[in-house]
Amino acid sequence: MNYLRRCLFLTLLLCLYTQALFAVIEVYEFEEEQQHQQYERLIDELRCPKCQNQNIADSNAPLAKDLRQKVHEQILDGKSHEEIVQYMVDRYGDFVTYRPPLRPVTYLLWFGPFVGVFLVLGILVWRTRRMARVAQQALTQEEEAALAHLLSQNSTKDPIE
Amino acid sequence: MKRLILYSVPLIFFFLLGVFLWQGLDKNPQELPSALVGKPLPEFELDGLLQDGTIDRNQLLGQPFLLNVWATWCPSCAEEHEYLNQLASQGVKIVGMNYKDELEKARLWLSTYGDPYQVNFVDDKGEYAIDLGVYGAPETFFIDSEGIIRYRHVGVVNDLSWRQGLKSQYDQLK
């Protein structure tokens, strides 16, 4: 039983691990481990222009393959992360990176979510404060009487009409 | 009054969202702006398709032209080919770039369907295509006599797209 349970757990765990299934087939050789990491990071961050929403790591479009090759070539040439991203942006525009540069047209993209969160938080704080203030106010004698009246009226009624 | 303002917030939000989505309806998400518009055609030296020897950038300049990226594996290229023939017969200079294709098939294609290209060069590895920011075929670049890219059209060149903007782009080339 315990064994079965463990198998089930492992199977479920494997279901969560989908990344490798989409990974690309070709194998590139690197001189250093650091270059390999740079490659992985770049193909994860560069977007395939041909496909609407895949990075070039996940896409099997011929163009994505060409671009991966280009990235590999440039890493071997000793180019930096920024240089390679710039190379792609020069040719394919900002679309090609999943980390768009910060400039006036992308302000909404970068800051929009934070502005939204702060706005909602602000409204929330403002509302709870107001509620607390209302709750703190003691009732006047007249209001107490009205409340007692309402409650007594309600309790004499049949709850299910 | 306060209630009125409060109630109008979702309404205003709805309208803003409506405007935003409405203008998105006519847009083609597949169409990307070219990063090369306003920039010179990148340097290259590639083999000719029909003639021996290589073709380079300088040989093409002097007169405005269309640089058409095509391949025999591309169905839309077949669709636009007849229209390119027509444009060529009207005196439009068209240069072809045969993109990641089989050369024999490409030559056969031109002898079968006609050759609208003044000259054709071969980018069999797709390297120059990356320099141009090509992400599919067909693509057509509008290049002025000095070799500056003025416009890039993604998709089929036909009577409709020519009349709806491409012609005026071409006429503006100097």
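The rules behind the values
- Residues numbered from 1 in each chain as written.
- Chains lettered and ligands numbered in written order.
- Predicted model: local features only at pLDDT ≥ 70, side-chain atom pairs only at ≥ 80, totals over all residues.
- Helix = DSSP H or I, 4+ residues; strand = E, 2+ residues; numbered from the N terminus.
- Rg over C-alpha atoms; globule rule 2.2 N^0.38 Å.
- Buried ≥ 20, exposed ≤ 12 C-beta atoms within 10 Å, placed from the backbone.
- Contact = placed C-beta atoms within 7 Å.
- Expected span 1.5 Å × (residues − 1).
- Arc of directions from axis to C-beta.
- Nonpolar A, V, L, I, M, F, W, Y, C, P; charged D, E, K, R; others polar.
- Pairing = 2+ DSSP bridges.
- Axes fitted to C-alpha atoms, helices over the stretch in contact; angles between N-to-C directions.
- pLDDT = per-residue confidence, 0-100.
- Domains from an automatic or database assignment.
- Left-handed = near helix turned anticlockwise from the far one by under 90°.

Helix and strand counts for chain B stand at 6 helices and 7 strands. What you see for chain B is a C-alpha radius of gyration of 21 Å, clearly larger than the 16 Å of a compact globule of 174 residues, by over 25%. For chain B, the proportion of its 174 residues judged to be buried stands at 30%. If you take every contact in chain B between residues at least 6 apart in sequence, the share linking residues at least 24 apart comes to 75%.

This paragraph deals with the overall build of chain A. Along the backbone of chain A there are 7 helices and 0 strands. Element order for chain A, N to C, with α for helix and β for strand: α-α-α-α-α-α-α. When contacts within chain A are restricted to residue pairs at least 6 apart in sequence, those whose partners lie at least 24 apart make up 41%.

Before going further, it helps to spend a moment on helix 4 (residues 62-76) of chain A. Within an α-helix, residues lying three or four positions from one another point in the same direction, as the helix has 3.6 residues per turn. All names here are of chain A. With 15 residues, helix 4 ought to run about 21 Å at 1.5 Å a step, and its terminal C-alpha atoms sit 21 Å apart, in line with that. Listing the buried residues of helix 4 in full gives Leu63, Ala64, Leu67, Arg68, Val71 and Ile75. With its buried residues spanning 140 degrees around the axis, helix 4 presents them on a single face. Trailing helix 4 by a residue or two, glycine 78 shows a phi angle of about 85 degrees, which is positive.

A separate point is the interface of chain B and chain A. Chain B puts 11 residues into the contact, and the matching count from chain A is 13 residues. A breakdown of the residues in the side of chain B that touches chain A according to their chemical character gives 6 nonpolar, 3 polar and 2 charged.

With that settled, the discussion passes to the sheet that holds strand 6 (residues 139-143) of chain B. Residues and elements named next belong to chain B. Judged by pairing direction, the sheet is mixed, and its 5 strands sit side by side in the order 5-4-3-6-7 without closing on themselves. A strand with exactly one partner marks an edge of an open sheet, and here the two such strands are strand 5 (119-123) and strand 7 (149-154). On average, each strand axis in the sheet is tilted by 20 degrees relative to the strand beside it, whichever way the strands run. As paired elements, strand 3 (residues 65-70) and strand 6 share 5 bridges and run antiparallel to each other. Bridge pairing links valine 69 to glutamate 139 in strand 6.

Our next topic: the pairing of strand 7 of chain B. All names here are of chain B. Pairing of strand 6 with strand 7, which is carried by 5 bridges, proceeds in the antiparallel orientation. Each bridged residue has a counterpart across the sheet, and for phenylalanine 142 the counterpart in strand 7 is tyrosine 151. Here strand 6 folds back onto strand 7 in antiparallel fashion, the turn holding 5 residues, of which glycine 147 has a positive phi close to 90 degrees.

Turning to the confidence of the model for chain B, a few remarks are in order. Close inspection of predicted coordinates is inappropriate for parts of the model with low pLDDT. Summing up the model confidence of chain B, the mean pLDDT is 93 and the portion of residues at 70 or higher is 100%. What the predictor reports for the complex is a pTM of 0.75 with an ipTM of 0.82.

A word on the pairing of strand 6 of chain B. Within strand 6 of chain B, 5 of the 5 residues are buried, leaving the element largely enclosed by the surrounding structure. Taking every second residue as pointing to the same face, both faces of strand 6 of chain B are buried, with B:Glu139, B:Phe141 and B:Ile143 on one and B:Thr140 and B:Phe142 on the other.

It is common to give the size of an interface as the accessible area lost on bringing the parts into contact. Under the domain assignment used here, chain A contains domain 1 (17-101) and domain 2 (105-156). Once you take the C-alpha centre of each, domain 1 of chain A and domain 2 of chain A turn out to be 50 Å apart.

A few words on unusual backbone geometry. All names here are of chain B. Each neighbour pair has its own omega, and for alanine 137 with proline 138 the value is -5 degrees, a cis peptide bond. For lysine 100, which is not a glycine, the phi torsion comes out positive at approximately 45 degrees. With respect to the secondary-structure elements, lysine 100 resides in the loop between strand 4 (94-99) and helix 4 (103-113).

All names here are of chain B. Along the chain, valine 19 turns up in helix 1 (residues 2-25). Its 10 C-beta neighbours within 10 Å are what place valine 19 among the exposed residues. Each C-alpha atom of the pair valine 19 and aspartate 159 lies 31 Å from the other, and the pair is 140 residues apart in sequence.

With that settled, consider the packing of helix 3 (residues 33-45) of chain A against helix 4 of chain A. Each pair of packed helices can be described by the angle between their axes along with the distance between the axes. Residues and elements named next belong to chain A. Between helix 3 and helix 4, whose axes approach to 10 Å, the crossing angle comes to 145 degrees. For helix 3 against helix 4, the interelement crossing comes out right-handed. Facing helix 3, whose interface residues are Gln35, Gln38, Tyr39, Leu42 and Ile43, helix 4 presents Arg68, Val71, His72 and Ile75. Tallied by class, residues from the contact of helix 3 with helix 4 come to 5 nonpolar, 3 polar and 1 charged.

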